[in-house]
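Structure at a glance
Spelled out, the chains give:
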Amino acid sequence: MGSQNSTAAEENRPAEAPQETLALDVETTGEEHYDAAIAPTARAASPSPLSAPARSGVLDESDPQQVNVAVAGAPTGLDRAREEDEEDLALAKSKPSPRAKRSILLAAGTVLILGAIALVVYFFVVGLEPNDGNRRSVPGTSVDPPSSANSTTAEDDTGDLASDSSTSGYREQQVPWVPMRALADQTSITFGSAYNYGRLKDPELSEEWKAEYDRLYEENFNIITPENACKPAAIFADGSDPDFTACDNAMAWAAARNMSVRFHVAAWGDWNPDWLLNLAAQDKRDALISYMRKIFQHYKQPQFSHIKYWDVVNEAICDANPGRMDCDEDLGRDEDLGALRVRQDVARPPLWYPDVPDYMDLVFFIAREELGPDAILLYNDYAIESLDDPTDFDKAERCFDWIEAALARGVPIDGVGFQFHISTLHRGNAALSIFRGWLDGVRENVVKYGELGLQVHFTEVDVGCNYITVPCLPDTSEVVPIPGFPDIFSSGNQEAVKAEVFGILLEMCLELDNCVSYQMWGATDRLSWRQGRPGDLFEEALNHRAHIFDKELRPKPSAYTLLAIFQAYVAAK
C-alpha cells in the first residue's frame, strides 16, 4: 500500500515545486526525496557558478588559473541549499513532528483515562476501605471484636507474620487442631470436599505427603466428590464402552473410610470425550441414552450404596455476563424459557443442546428409572447462588424459573447444587462494594428453593482473593484478628476475609432446614484448580490460595473458623 500511494503522489505533483517544499517531511530522509523536493527549487534560485567570487578574495577574470580554482572551490547554489537543508533537517529531527506529538498525547491520554477507569472500578468493587465487618466474630461463639490491647497480646504470643508464601501470610497457630469430622457427624448436614485421586500420582508428591493428605480427609470430612474420575471424559474416553476403573477406585477409597460420595457428574456440556463432539443429532441422543444407562446401572450396585447424592446435570444454564454470552431466546425449546446454554459460536459451545432438545428432562427421567425413588437427584451450577449477583443479574432467576417449570412437567429433581467458586469480594462489606447484597441474596435463594420443596447443597466452595482468572492484588492491609480466635493468632486481611466467607456460608447452611450439604472444591492449596500454571504471565499472583488447608496441609484461618462454628453448633444442641 505504501509504494502505491507514493507513486500516485508523484504523478499528481506539479512540474515545478513551490517554495514551501523546503519544509521537509522529516520522516523521509533519502537522497531520492531530496532530489525530488529540494533540487528543482535550489537549481532555479542559484546563480551561475562562473559568477561566484573566489574564496581567496576578489576574482581576477584575466587569470584563467584563478578562474579555474574559483570555479572548483566555490560553493554552488545547490551546495548552499543542501547545507541549509541538512541543518534544517537535523533541527527537525531533534523535535517531534506534529503527527508524533499527536500520537504521544493520544497514548498518554489513553493511559490516564484507562488508569482512572481502573481506579474507579477497583474502589467501586473492592471498596475504599474495609469496615468493621472485617472484624466480626464467628456466629455463636460469643467472641467480640478484640481491642487493640488484645491485638498486642496476640502479637506478643505469636511473633511476626510468617514470611513463607505457602502459609498464605497467617501466623503459626498456637492452638491444637481438632479434626472436624466428629463434630460434623453431630450436625444435620454432610461436610466434605472434592478428592483428587488422580493427582496423587504426581511424582513430585512424597509418600509422606500423600499419606497425610488421605489422613486429613478421613479425619475432617464425612463425604467426598471425586473431582474428575467420574466425569464422562474419564469413563468414556475411548468410545462407547465404559472404563469405570478410576471412578471405582475413588468409590473404594471412600468406602474403606466409611465416607459417603457425591457422584459427579452424569451429563455435562463440557468434559466429554472427543468422539462425541461431531456426532449427528440423532446419534448424540442415542449415545446419551446409552451411556446414562450404563453409568446408573453400574453404580446402583450394592458395593456403591454409599453414593448419597447424584449430580445428574451440570452447568446447563446460560450466562449473560460480558465474558460468556451464550443465551439466545430464539433457539431451543419453548419449554426451556431461553434459559439454557445454546449458542455454538462461543468458546464453550454446549454438546447436547439444542441437538438433543429435551436432554435435561431425559437424563433426570433415566436416573429416576434406574436408581429408584430414594436416590437424591440434583442439578448443579455456578453463579446461581445469589439473587443479588452483579456479575450476572438474572442467572439465578433463569435457573429457578427453569427448575420450577421442569418440576411442573414432572421432571424428577430433588435439589439444586450451588457451586460457590467465589472470592473475598463476595463478602460485600467494603465501603463501595457492588456485592453488598450478595450474601443476603444467597439466603433468600436457599429459602426460595425450599418453598419448592427442594434441597440446596453447597457443592464446590472455594474462596479466592479475586475473580477466578484474575490475578490477586497485593495484600497490604493491616494484620487483623482471625474471627473466633482474636487472642491466639492473626492474619493478613485477605485470609481473614476468606475465613469470614467460608464461615458465613457454613453457618447459613446449618441454620436453613433445606440446606443439607457443605462441600468444598478441594481442601489444600497444593492440589488446587485455582492456581497459576507454569508459564503464566502472573503465575504467582494467580495462586488464589482458595482452600482451608495450606500446601503443607496445615489448617489455615478458614479451617479454624469452620471448626469454631461446628464447636458452637454442637455445644448449643
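Residues numbered from 1 in each chain as written. Predicted model: local features only at pLDDT ≥ 70, side-chain atom pairs only at ≥ 80, totals over all residues. Heavy atoms only, no water.

Let's shift gears to the state of the cysteines. Disulfides are covalent bonds that connect the sulfur atoms of two cysteines. The full count for this structure, using the stated rule, is three disulfides. The partner cysteine of C318 in its disulfide is C327, sulfur to sulfur 2.0 Å. Its S-S torsion of about 95 degrees marks the bond between C318 and C327 as right-handed, since a negative value means left-handed. Residue C318 is classed as buried on the basis of its relative accessible area, which comes to 0%. By relative accessible area, C327 is classed as partly exposed at 25%. (Disulfide = S-S within 2.5 Å. Buried < 20%, exposed > 50% of the residue type's maximum accessible area, 1.4 Å probe, protein only.)

Turning our attention to the packing of helix α13 (residues 281-299) against helix α14 (residues 359-371). Closest axis-to-axis distance for the α13/α14 pair is 10 Å, and the angle between their directions is 30 degrees. Relative to α14, α13 is oriented roughly parallel. Crossing of α13 against α14: the hand is right-handed. Touching R285, L288, I289, M292, R293, F296 and Q297 of α13 are Y359, L362, V363, I366, A367, E369, E370 and L371, all from α14. For the contact of α13 with α14, a count of residues per class yields 10 nonpolar, one polar and four charged. (Axes fitted to C-alpha atoms, helices over the stretch in contact; angles between N-to-C directions. Helix = DSSP H or I, 4+ residues; strand = E, 2+ residues; numbered from the N terminus. Parallel < 35°, antiparallel > 145°, perpendicular 65-115°, else oblique. Left-handed = near helix turned anticlockwise from the far one by under 90°. Contact = heavy atoms within 4.5 Å. Nonpolar A, V, L, I, M, F, W, Y, C, P; charged D, E, K, R; others polar.)

To continue, consider the nonpolar core. Membership of the largest hydrophobic core comes to 109 residues, with the highest contact counts inside it found for M292, Y299, W310, V313, F458 and Y518. Ranked by residue count, the leading element in this core is helix α17 (residues 493-511), at nine residues. Core analysis: the next-biggest nonpolar cluster, separate from the first, contains five residues, Y309, I376, L378 and V516 among them. (Core = buried A, V, L, I, M, F, W, Y, C linked by side-chain atoms within 4.5 Å.)

This brings us to the packing of α17 against helix α18 (residues 557-572). Closest axis-to-axis distance for the α17/α18 pair is 8 Å, and the angle between their directions is 30 degrees. In terms of orientation, α17 lies roughly parallel with respect to α18. In this structure, α17 meets α18 at a crossing whose hand is right-handed. Contacts between α17 and α18 pair E495, K498, A499, F502, G503, L506, E507 and L510 from the former with P557, S558, T561, L562, I565, F566 and Y569 from the latter. Of the residues in the contact of α17 with α18, the class split is nine nonpolar, three polar and three charged.

Counting across every chain of the model gives 29 salt bridges. The salt bridge partner of K395 is D381, with a shortest N-O separation of 3.7 Å. Taken together, the residues span a long stretch of sequence, with K395 in helix α15 (residues 395-408) and D381 in strand β7 (residues 376-381) at a distance of 14 residues. Taking the relative accessible area as the measure of exposure, K395 reaches 0% and is therefore buried. On the accessibility criterion, D381 (0% relative accessible area) is buried. Several salt bridges share partner residues, and in doing so they unite D270, E315, D326, R341 and R348 into one network. (Salt bridge = Lys/Arg side-chain N within 4 Å of Asp/Glu carboxyl O.)

All right, on to the environment of V461 then. Within the secondary structure, V461 sits in strand β10 (residues 455-464). Each C-alpha atom of the pair V461 and S193 lies 8.5 Å from the other, and the pair is 268 residues apart in sequence. The contact partners of V461, leaving out residues within four places of it in the chain, are Q419, F420, F502, L505, Y518, Q519, M520 and W521.

Of all residues in the chain, 66% attain a pLDDT of 70 or more, and the chain-wide mean is 77. With pLDDT under 50 throughout, residues 64-78 is counted as low confidence; its partners more than four residues away or in other chains account for 21 contacts. Across residues 122-173, confidence stays below pLDDT 50; counting only partners more than four residues off in sequence or on other chains, it has 112 contacts. (pLDDT = per-residue confidence, 0-100.)

Along the chain, the position of R443 falls in helix α16 (residues 438-451). Using a relative accessible area of 29% as the deciding quantity, one classes R443 as partly exposed. Along the primary structure R443 and L505 are separated by 62 residues, whereas in three dimensions their C-alpha atoms are 9.1 Å apart. Sequence-distant contacts of R443, defined by excluding residues within four places in its chain, comprise M508, E511 and L512. Separated by 3.0 Å, the side chains of R443 and E511 make a polar contact. (Polar contact = N/O pair within 3.5 Å; in protein donor to acceptor, adjacent residues only side chain to side chain.)

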